[in-house]
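# Residue-level structure breakdown
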Amino acid sequence: MARINNTLAINICGESFATRSPFTLHLKMHELKSSCLKTSGSCVVDVITADKWRALIKNKTKTCPICNKSYPGARNMRKHLRLVHDKNSTTTCTMCKKTFRNKATFQKHMQRAHVGLKISVSKHFECNYCHAKFSNKSLLSDHISSHTGLKNYKCHVCDKAYSCRKALKTHTLLHEQEKVIKSSKKEFIIDTGDCTLDEWNDFIKRRVTVCPKCNRDYRNPRNMRKHLRRVHTSVRKYGCDECGKMLKSRDSLNTHKKIQHEGKKVKVKYEYECDYCGAKYPNKYTLSDHISGHTGIPNHICKICNKGYACAASLKIHNIKTHLQFTGVPIEKFKCDLCDKEFFEKKKLNKHKNWAHGDKFHLCKVCGAKIKGSLKQHMITHTGERKYCCHICGKKLRGKLKEHMLNT
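Residues numbered from 1 in each chain as written. Predicted model: local features only at pLDDT ≥ 70, side-chain atom pairs only at ≥ 80, totals over all residues. Heavy atoms only, no water.

To keep things clear, this is the line we draw: UniProt positions are given in the numbering used here, feature names are shortened, and annotations may be inferred rather than shown by experiment.
Looking at an unreviewed UniProt entry, the protein chain carries the name Zinc finger protein 808-like, with the source organism given as Diaphorina citri. Of the protein chain, the UniProt comment under Subcellular location (unreviewed entry) reads exactly: "Nucleus".

And the structure:
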């Protein structure tokens, strides 16, 4: 260790830091690879020797020596070299023990594999047309092209042009799929999603009607397999040719196009009614989750602590608060700009804004009062119903049972 011009420098690789915290963290990296660094000419990353690494730092090289990609800063280039080209640098998921080459792919895995989390990304680049924000200049440039009508990305196969790189990538995948179909006309390819071919054949042989992932029961085994392929797959093979977004099923793609690009509103039919309270839902699964709230029988069980919940949304919030909040993974939170209250779901934030700060309210048909809170709780003042009973003294109450029990 050496101090040069009020900066801490490491003698092994020549890296320098302004503060002790990143210096100590970087030094620990060398301690983990100490057996590799003892001899001269050993590797800092597995494709660059220590001498070449020092030369990159000394010359402030901004172009990657492996793939010739240029970066605005030398430190960014070296970060790219470690993350992309270093096969020894790995990150292990604490939840499923899978190993990843770099932190970027690890974060994507956390987002897709564990309860559908959204990884928070700082968005500093704003569009002058619609004020949408993006994480980097490249994404902003592609977005602005959708306003101006410029199509800078051209397909080398059919000369079709697109406004963003993502849409072109999705389009080229279609050409690749066409090649596979043409080259294997005699072969019959079965789409098994994330299941192996043996598992899929076993489902067909035993005529399984219960989904092995979420325990939903179907009338026939074909519908179960269709659900398994559409819902419980990590592969998004249906791409939107307008914006490049990848989706899991053709139905999802058609719905996405209608809402996002055609401006149509998809009407949802609420045909499934609850026998307990008369509430209606669009499908039998959301109805089943609702009924679970009446019966107390949980439909969704946490795989880590076996705690049960009535609906998938409650299980997702439990996973975030209990198991993932303290793992170091950045979790996106939605903050109210009026009262600084934070939410894990955007729909919860919108609901909070409408009811707490907006004009939404329940209108009592008996007295005409405008109720911001629970209308059911307000109606008790008219009916006189006392549905809460204290198990200590036997007193019946309209509400505030916990407060009563604490004071008893």
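### Looking at the overall build of the protein chain
Condition: Strands here are runs of E lasting at least two residues and helices are runs of H or I lasting at least four, both read from the DSSP assignment and numbered beginning at the N terminus. Here's how the labels work: a residue is buried when its accessible area is under 20% of the maximum for its type, exposed when over 50%, partly exposed in between, all with a 1.4 Å probe on protein chains only. Contact criterion: two residues are considered in contact whenever any of their non-hydrogen atoms come within 4.5 Å of each other. Only the protein chains shown count as cover for residues, with accessible areas throughout obtained via the Shrake-Rupley method and a probe of 1.4 Å.
Looking only at helices and strands, the protein chain has 15 helices and 23 strands in total. Within the protein chain, the fraction of its 408 residues that count as buried is 27%. Counted over contacts in the protein chain with a minimum sequence separation of 6, partners at least 24 positions apart contribute 18%. Accessible surface, the protein chain: about 28,900 Å² in total, of which carbon and sulfur atoms supply 51%.

### Some details on the side chain of aspartate 142
Structurally, the position occupied by aspartate 142 is in helix H6 (residues 137-148). Those residues in contact with aspartate 142 that sit more than four places away from it in its chain are Tyr153, Ser163, Cys164 and Arg165.

### Overview of the environment of lysine 400
Inspection of the secondary structure puts lysine 400 in the loop between strand E23 (396-397) and helix H15 (401-407). A C-alpha to C-alpha distance of 8.6 Å links lysine 400 and tyrosine 388, two positions twelve residues apart in sequence.

### Quick word on the packing of aromatic side chains
For clarity, the threshold we go by: Think of it this way: a Phe, Tyr or Trp ring, Trp meaning its six-membered ring, pairs with another when their centres are within 6.5 Å, and the plane angle makes it stacked under 30 degrees, edge-to-face over 60, tilted otherwise. Consider the ring centre and the ring normal. A charge sits over the ring if Lys NZ or Arg CZ is within 6 Å of that centre and within 35 degrees of that normal.
Scanning the entire structure with this criterion turns up zero aromatic pairs. Taking the ring centre of tyrosine 218 as reference, the NZ or CZ of lysine 284 above it sits at 5.9 Å.

### Structural notes on H6
Keep this limit in mind: Under the convention used throughout, the expected extent of a helix is 1.5 Å for every residue step, that is, one less than its residue count. Residues adjacent in sequence count toward polar contacts only when both atoms are side-chain atoms; beyond that, a polar contact is any pair of N or O atoms within 3.5 Å, and within protein one must be able to donate a hydrogen and the other to accept it.
For H6, which comprises twelve residues, the first-to-last C-alpha distance of 16 Å matches the rise-based estimate of 16 Å (1.5 Å per residue) to within 8%. If you check which residues of H6 are buried, you get Leu140, Asp142, His143 and Ser145. Where H6 begins, the capping side chain belongs to asparagine 136, and its oxygen is found 3.2 Å from the backbone nitrogen of serine 138.

### Quick look at the UniProt feature "domain: C2H2-type" (unreviewed entry) in the protein chain
As recorded in UniProt, the feature "domain: C2H2-type" (unreviewed entry) lies at residues 62-90, 91-119, 125-152, 153-180, 209-237, 238-266, 272-299 and 334-357. The distance separating the terminal C-alpha atoms of residues 125-152 is 20 Å; by composition the span is 43% helix and 14% strand. End C-alpha atoms of residues 209-237 are separated by 25 Å, and the span's content is 38% helix alongside 0% strand.

### Observations concerning the environment of lysine 321
As for its placement among the helices and strands, lysine 321 is situated in helix H12 (residues 312-324). In this structure, the C-alpha to C-alpha distance between lysine 321 and phenylalanine 344, residues 23 residues apart in sequence, is 9.3 Å.

### Points about the nonpolar core
Selection rule: Among the buried residues, those of types Ala, Val, Leu, Ile, Met, Phe, Trp, Tyr and Cys that are joined through side-chain atoms within 4.5 Å form a nonpolar core.
In this structure, Cys195, Trp200, Phe203, Val208, Cys211, Tyr218, Met224, Leu228 and Tyr285 together form the largest nonpolar core, which totals nine residues. Beyond its immediate stretch of four places on either side in the chain, tyrosine 285 contacts Arg216, Asp217 and Tyr218. Of all hydrophobic cores here, the second largest spans eight residues; its members include Ile48, Ile57, Cys64 and Tyr71.

### Regarding the side chain of histidine 227
Relative to the elements of secondary structure, histidine 227 occurs in helix H9 (residues 221-231). Not counting the four nearest positions on each side in its chain, histidine 227 is found in contact with Cys211, Cys214, Arg216, Tyr218 and His232.

### Some words on the pattern of salt bridges
Where side chains of opposite charge bring their charged atoms close, a pairing between them can arise. Stated formally: For this analysis, a salt bridge means a side-chain nitrogen from Lys or Arg found within 4 Å of a carboxyl oxygen belonging to Asp or Glu.
If you walk through the whole model with that rule in mind, you get three salt bridges. For arginine 206, the salt bridge goes to aspartate 202, with nearest N and O atoms at 3.0 Å. With arginine 206 and aspartate 202 both in helix H8 (residues 197-206), this residue pair falls four residues apart, about one helical turn. In this structure arginine 206 comes out as exposed when scored by relative accessible area, which is 53%. Notably, a salt bridge pairs lysine 353 with aspartate 337, separated by 3.4 Å at the nearest N-O pair. Of this pair, lysine 353 sits in helix H13 (residues 346-357) while aspartate 337 is found in the loop between strand E18 (334-335) and strand E19 (342-343), placing the two residues 16 residues apart along the sequence.

### What about helix H4 (residues 74-85)?
The criterion, for reference: Directions drawn from the helix axis to the C-beta atoms are what define this arc.
Compared with an ideal rise of 1.5 Å per residue, which puts twelve residues at 16 Å, H4 spans 16 Å between its outermost C-alpha atoms and is within 8% of the ideal. For H4, the full list of buried residues reads Ala74, Met77, Arg78, His80, Leu81 and His85. Take H4 and look down its axis: the buried residues cluster within an arc of 155°, on one side only.

### Looking at the packing of helix H3 (residues 50-58) against H4
Between two packed helices, what matters for the description is the angle formed by their axes and the separation of those axes. Put simply, the rule is: Between N-to-C directions, angles span 0 to 180 degrees; the directions come from axes that are lines fitted to C-alpha atoms, helices contributing only their stretch in contact. Angular relationships are summarised with four words: roughly parallel below 35 degrees, roughly antiparallel beyond 145, roughly perpendicular across 65 to 115, and oblique for the angles in between. Nonpolar residues are Ala, Val, Leu, Ile, Met, Phe, Trp, Tyr, Cys and Pro. Charged residues are Asp, Glu, Lys and Arg, and all others, Gly as well, are polar.
Contact geometry for H3 and H4: axes closest at 10 Å, N-to-C directions at 155°. Classified by the interaxial angle, the pair formed by H3 and H4 is roughly antiparallel. Here Trp53, Leu56 and Ile57 of H3 lie close against H4, whose contacting residues are Met77, Arg78, Leu81 and Arg82. Broken down by class, the residue content of the contact of H3 with H4 amounts to five nonpolar, no polar and two charged.

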